[in-house]
Amino acid sequence: MSGPARAQLPPATLERFRAGDPSALGEVYDRYSRSVWAVAMTVTHADHLAQEAVQETFIRAWNSAASYDPGRDLGPWLLTIARYTAVDLLRRELRPTRGGHEAEQDAVVEPPDLDGAWLAWAVQEALGQLADHEREIIRLSFFDDLTHTQISERLNLPLGTVKSRSYRAHRRLAELLAHVRDSPQDDGNQSAPRQRTPVGGARGEGRDDA
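Residues numbered from 1 in each chain as written. Predicted model: local features only at pLDDT ≥ 70, side-chain atom pairs only at ≥ 80, totals over all residues. Heavy atoms only, no water.

A. Molecular detail of the packing of helix H2 (residues 22-44) against helix H3 (residues 47-63). Direction vectors running N to C along H2 and H3 enclose 140 degrees, while the axes themselves pass 8 Å from each other. As summarised for this structure, H2 and H3 are arranged oblique, according to the angle between their axes. Between H2 and H3 lies a crossing whose hand is right-handed. Along the contact surface, H2 presents Pro22, Leu25, Val28, Tyr29, Tyr32, Ser33, Val36, Trp37, Ala40, Met41 and Thr44, while H3 presents Asp47, Leu49, Ala50, Gln51, Ala53, Val54, Thr57, Phe58 and Trp62. The class makeup of the residues in the contact of H2 with H3 is 15 nonpolar, 4 polar and 1 charged. (Axes fitted to C-alpha atoms, helices over the stretch in contact; angles between N-to-C directions. Helix = DSSP H or I, 4+ residues; strand = E, 2+ residues; numbered from the N terminus. Parallel < 35°, antiparallel > 145°, perpendicular 65-115°, else oblique. Left-handed = near helix turned anticlockwise from the far one by under 90°. Contact = heavy atoms within 4.5 Å. Nonpolar A, V, L, I, M, F, W, Y, C, P; charged D, E, K, R; others polar.)

So, in structure tokens, the structure goes:
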């Protein structure tokens, strides 16, 4: 997760995409095709289906471009299309064939954790936009489950500095992940528990020692 954040598309490109400019579609593809493929691969676990899902995702996105709000990040909108496209392809692949011959697939396959794949991508994208020192605080407090005091000792920083950096990092991350709260729930399941994210918790600002 260290490394520079991937460049965001200019607002003018997003406006052109929404207006139906074919050259803008090429720029969108160049920026997001790898992310779309990663989500599709997570859902289908099959390279041929993932490749097909990438093509179908951009066709659907192009056909729906007029409904896109260029004032919001294109990634969440596009990756939502990608995961539903991949699900459609997976269901089609696993559907038993009808006729007099033996079914190609008669096993019941558990549906993939789409929300988990989507959330993982969204968090990675958001973390990539944080400054290095902010990303380090998030990593130690969330992924390594360290308290502010432990982080202070680990990084050899004053406790007050750790707390202020943690507050700013979590606030910034919460802003970057605001769209996650608005993402559609699969199959209308409104009661499914949310996964824990780096902005979870009572205030989303890390934790002090108990």
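There's more to say after this.
B. View of the environment of Leu25. Within the fold, Leu25 resides in helix H2. Exposure remark for Leu25: the relative accessible area of 21% places this residue in the partly exposed category. Leu25 has contacts with Phe17, Phe58 and Trp62, leaving out every residue within four places of it along the chain. (Buried < 20%, exposed > 50% of the residue type's maximum accessible area, 1.4 Å probe, protein only.)

C. Unusual backbone geometry, seen in detail. Of note, the phi angle at His45 is positive, near 55 degrees, even though the residue is not glycine. Here His45 lies in the loop between H2 and H3. We note that Asn156 has phi near 60 degrees; this positive angle belongs to a residue other than glycine. Along the polypeptide, Asn156 turns up in the loop between helix H7 (148-155) and helix H8 (159-176).

Coordinates in, geometry out; function isn't part of it.
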